[in-house]
Amino acid sequence: MHILSIETSCDDTAVAIIRWDGQSATVLANTVSSQIALHTKWGGVVPALASREHLANIVPVIEETFAKAHLTKEDIDLIAVTEGPGLMPALVIGVSAAKTLALVWNKPLIGIQHIEGHIYANFLGKNKNDQNMFPLIALVVSGGHTQLVLMQKHFEYTILGETKDDAAGEAFDKVARLLGLPYPGGPEIDKRARAFRENHTAEEIQEVTKKFPRPMLTSDNFDFSFSGLKTAVLYALKKESAEILKDEACINSECHAFQEAVVDVLVAKTKKAITRYHPKTFVIAGGVSANTRLRERLQNTLDELNLEVKLLSEKTSFLTPEFVYSLDNAVMIGIAAAFRYERMNEEQKKQLKDTPLSLDPNANLPLQNFSY
Ligand code: KG4
Ligand code: ZN
């Protein structure tokens, strides 16, 4: 089975074709047309501009993806599209394109929740019968979401905790802006924090690491808060001379101090969740999961926790999406679609084919449970 998938929830026009062989998914073609250059001069994503770009790019990106996969429309068995959450003017372009193709080509159409897609990016190449993966805990860290999610089985989500204000990615982007760095802030802060660590002694690093607060670090739940941290960076910058924003070494030091505070909180809450629920699998999902320091610290934490358990069956394995599938892409939407479609009965599949026009974008769509 071949799945054509489309993702336009924010500032990437993404299209992919994956193959589902009845057991697992492989990627045949993956195209992402980024709009970063367009939005960077505004310091963030401008929804109306994103929409216009998606509209200009969607057809060429679909054509390019078919060419790369050496397939034609006759080879497609299912069309999948991001239904939400995201920016409405952006979502609407992908959903309209997917509905039109489904109607004209007479193919089934399935809507996928964006965060579900990020989680399922970790299932690329995984066998559908691998029940050893559950229970699973996902740390979802993107531009719009920060959540710890528990899954006892496929498509069954319990949100253990989430951010009370800014998402982790949003905090990276806002702090980058305060520091005069380009959008998106995450990759830039990641790179500069690494440069700081490479150029300083352990003692110097230790000193800077303590600079900012760790909001909700010890709170008795799995929730997060990042807006106070952003304000702490703002106040620190106000107190210091404006000259520091002209000094690369000072900016790198701020990047390290901020990133370390975010990572400390994400790691602490993850550790608490893993200790409480003993999942077989832990995955990270969303754009911030590309952060090299977060990956390194989570890996160390998992290694430590795994040393404490005696039985192999009690160990938690750590899955990370490949870097290209950490950021927004359509492959993840195709994978989630494959696992869902696989579980549907003939009646449910027929419904997808008969009613493509009933799918509408939903800017606030939450994670939803599906029992098949
Ligand atoms: O998942 P994503 O591509 O889009 C949303 O669904 O929101 O996540 C985008 C977010 C942005 O806030 C970006 O700054 C952040 O992911 N990001 C990173 C890194 N790469 C992207 N944050 C920290 N470190 C990175 N290396
Ligand atoms: Zn995303």
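Given the structure is predicted, the values throughout are model-derived calculations rather than measurements.

This next bit is on the site of ligand 1. Every one of the 20 residues lining ligand 1 counts as a neighbour, but His118, Gly143, Asp173, Gly287 and Asn291 are closest to it. Within the side chain of His118, one N or O atom sits 2.9 Å away from an oxygen atom of ligand 1. Measuring from a nitrogen atom of ligand 1, one finds a side-chain N or O atom of Asn291 at 2.9 Å. In isolation ligand 1 offers 550 Å² of accessible surface; the protein chains occlude 89% of this area. At the level of secondary structure, the elements contributing two or more residues to the shell around ligand 1 comprise helix 4 (114-120), helix 5 (168-178) and helix 6 (185-198). Ranked by the residues each element gives to the shell around ligand 1, the list is headed by helix 6, at four residues.

Moving on: a nonpolar patch on the surface. On the surface, a cluster of nonpolar side chains totalling about 310 Å² of accessible area is made up of Leu103, Val104 and Leu357. If you trace the backbone, Leu357 turns up in the segment after helix 13 (346-354). Judged by relative accessible area, Leu357 falls into the exposed class, the value being 52%.

Within the first shell, the zinc ion (ligand 2) binds the protein through His114 (NE2), His118 (NE2) and Asp328 (OD), at distances of 2.0 to 2.1 Å. Read N to C, the donor residues that coordinate the zinc ion (ligand 2) are spaced as H-x3-H-x209-D. Of the two residues, His114 sits in helix 4 while Asp328 sits in the loop between helix 11 (323-326) and helix 12 (331-343), which places them 214 residues apart along the sequence. Given the relative accessible area of 7%, His114 is considered buried. Taking relative accessible area as the criterion, Asp328 reaches 18% and is therefore assigned buried.

The next point concerns the side chain of Glu188. Tracing the chain through its elements places Glu188 in helix 6. Overall, Glu188 belongs to the buried group, its relative accessible area being 14%. Residues contacting Glu188, with those up to four places away along its chain left out, are Leu181 and Pro182.

For strand 6 (residues 136-141), the tally of buried residues reaches six of six residues, placing the bulk of the element in the interior. Burial along strand 6 is two-sided: Leu136, Ala138 and Val140 facing one way and Ile137, Leu139 and Val141 facing the other are all buried. As paired elements, strand 6 and strand 7 (residues 146-151) share six bridges and run antiparallel to each other. Along strand 7, the bridge assignment pairs Ala138 with Val149. Linking strand 6 to strand 7, which pair antiparallel, is a turn of four residues. Sheet topology note: the strand 6/strand 9 (residues 281-285) ladder contains five bridges and is parallel. Each residue of the ladder has a partner; that of Ala138, found in strand 9, is Val283.

Annotation of the protein at the domain level lists domain 1 (2-121 + 324-358) and domain 2 (132-320). Where the side of domain 1 that touches domain 2 is concerned, the elements lending two or more residues are helix 1 (36-40), helix 4 and helix 12. Top element by residues in the side of domain 1 that touches domain 2 is helix 4. It accounts for five residues. Its residues assigned to classes, the side of domain 1 that touches domain 2 shows ten nonpolar, five polar and four charged.

Rules and cut-offs
- Residues numbered from 1 in each chain as written.
- Chains lettered and ligands numbered in written order.
- Predicted model: local features only at pLDDT ≥ 70, side-chain atom pairs only at ≥ 80, totals over all residues.
- Heavy atoms only, no water.
- Near = heavy atom within 4 Å.
- Polar contact = N/O pair within 3.5 Å; in protein donor to acceptor, adjacent residues only side chain to side chain.
- Areas by Shrake-Rupley, 256 points an atom, 1.4 Å probe, with all protein chains shown as cover.
- Helix = DSSP H or I, 4+ residues; strand = E, 2+ residues; numbered from the N terminus.
- Patch = residues over 30% accessible without salt bridge, like charges linked within 9 Å, V, L, I, M, F, W, Y side chains within 5 Å.
- Salt bridge = Lys/Arg side-chain N within 4 Å of Asp/Glu carboxyl O.
- Buried < 20%, exposed > 50% of the residue type's maximum accessible area, 1.4 Å probe, protein only.
- Donors = N, O, S within 2.8 Å, 3.2 Å for Na, K, Ca; no water.
- Contact = heavy atoms within 4.5 Å.
- Pairing = 2+ DSSP bridges.
- Domains from an automatic or database assignment.
- Nonpolar A, V, L, I, M, F, W, Y, C, P; charged D, E, K, R; others polar.

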